[in-house]
Amino acid sequence: MALLAVFENDVEITARNGALVLLRRGHPFQTLAPHEVDEVHLHGGADLTIAGRNFLLARGVDVVFLTMDGRVRGRLVGEESVWADRRVSQYRIVADDARRLPIARAIIAGKVQNQLALVSARQAYLKRDALASAILVLRGQRARIDAAVDLERLRGCEGFCANTYFGAFGELITNNAFVWTGRNRRPPRDPVNAALSYGYTLLTSRVEHAVRKAGLDPYLGVLHESGRGAPALALDLVEEFRPVIDGLVLNQINRRQLGPEDFGPPDPEALAEQDPLAETTDSGGAIYLSDVGRKILTRAWALRLQERSPHPIDGNEWTLSGLITEQAQQIRRVFEDPTLAYRPARL
């Protein structure tokens, strides 16, 4: 199973003879059997026919619509889960700070552990003082996370760890064509942040689909507050996987798979043609991946989804795609059985 990403505006996606077919100007150029695709990303103006839509809905394939600058516009959602009791269990946990705190604490502990793993692995050959200092600080925060007595203090620990981690992030970049001045977003203002933001979009999309498949409400979370129009539970589970995107972006930049030429400001005319409501005035120096850059990073992400990582409970090797799905199922089991403790993924 794989991710299918379509970037060209002149592509039509339909279904024929039990297969998904991609056409350009009426001529088929790619055919995919049902087992070959489990997620579809449509960028820009790619056209999805009724036959293609019905094919994908019938097979539960996640279809996400993105703008040309990589923002999610919406998704094609099939029949929602009939497991109402699962969502009732979720609501009970989310409404009780004392019950949601241990789950949120485990998620942040997992995120920091995975950040430490990434920095430590690269410090082994980079040998940089700033990285060594960040490692010591992050290690020292684990006790504070375990001791956090409420969500406010836990979020404070997470914010401090994020500042420490991204404060040293530039030391992990070995390609001199890229400069790191700190984390910024909404919109990103430099190429590294543009790549990170797009990567997090890809990750969040995959996690939200896993949450929906688990029969849970993606908009009710334990760490992120609900009611802000964002998929709070999906964003909760994204946290422990963020270092995967960080490592992916670093690899693409340091290995020169992505270059400065793969980034630039958004094209106001193209955005307006696709989305009449899009902001077309000066966006404050926004920088985004180009079409080529998004293709490069999306392809790398699709390959990363098939790489294996250890399961946090059974220790067996799972594909990253399977592990994301299993983490959503695990938090569902924790919601249903309060005696269970959530175990974050170790990457």
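Residues numbered from 1 in each chain as written. Predicted model: local features only at pLDDT ≥ 70, side-chain atom pairs only at ≥ 80, totals over all residues. Heavy atoms only, no water.

Caption draft 1: Broad picture of the pattern of salt bridges. This structure, assessed with the given rule, holds 20 salt bridges. We note a salt bridge from R86 to E336, for which the minimum N-O separation is 3.8 Å. Of this pair, R86 sits in helix α2 (residues 84–94) while E336 sits in helix α10 (residues 320–336), and the two are 250 residues apart along the sequence. Using a relative accessible area of 14% as the deciding quantity, one classes R86 as buried. Here the residues in one salt-bridge network are D62, R75, E208 and R212, joined through shared partners. (Salt bridge = Lys/Arg side-chain N within 4 Å of Asp/Glu carboxyl O. Helix = DSSP H or I, 4+ residues; strand = E, 2+ residues; numbered from the N terminus. Buried < 20%, exposed > 50% of the residue type's maximum accessible area, 1.4 Å probe, protein only.)

Caption draft 2: Here's a closer look at helix α3 (residues 97–126). Counted at 1.5 Å a residue, the expected span for α3 with its 30 residues is 44 Å, and the 42 Å between its end C-alpha atoms agrees. Looking one or two places after α3, you find K127, whose phi comes out positive at around 55 degrees. (Expected span 1.5 Å × (residues − 1).)

Caption draft 3: Here's a closer look at the side chain of Q329. Mapped onto the elements, Q329 comes out in helix α10. By relative accessible area, Q329 is classed as buried at 18%.

Caption draft 4: Region of the structure containing the state of the cysteines. Counted according to the given criterion, the structure contains zero disulfides. Between C157, a free cysteine, and C161, which holds the nearest cysteine sulfur, the sulfur-to-sulfur gap is 6.6 Å. Taking relative accessible area as the criterion, C157 reaches 3% and is therefore assigned buried. (Disulfide = S-S within 2.5 Å.)

Caption draft 5: Just the sheet that holds strand β6 (residues 47–48), in detail. With mixed pairing, the four strands of this open sheet are ordered in space as β4-β3-β2-β6. Across the chains shown, the open sheet's two edge strands, defined by having one partner strand only, are β4 (27–32) and β6. The sheet contact formed by strand β2 (residues 11–16) and strand β3 (residues 19–24) spans six bridges and is antiparallel. Counterpart to R16 in the pairing with β3 is A19. Each of β2, β3 and β6 touches helix α1 (residues 50–58); the most contacted strand, β2, lies at about 60 degrees to it. (Pairing = 2+ DSSP bridges. Contact = heavy atoms within 4.5 Å. Axes fitted to C-alpha atoms, helices over the stretch in contact; angles between N-to-C directions.)

Caption draft 6: Representation of the side chain of T14 in the model. Tracing the sequence through the fold places T14 in strand β2. T14 gets classed as buried once you look at its relative accessible area, which sits at 9%. A distance of 3.0 Å separates a polar atom in the side chain of T14 from a polar atom in the side chain of T49. Once you skip the residues sitting within four places of it in the chain, T14 turns out to touch A19, L20, V21, L23, T49, A51 and G52. (Polar contact = N/O pair within 3.5 Å; in protein donor to acceptor, adjacent residues only side chain to side chain.)

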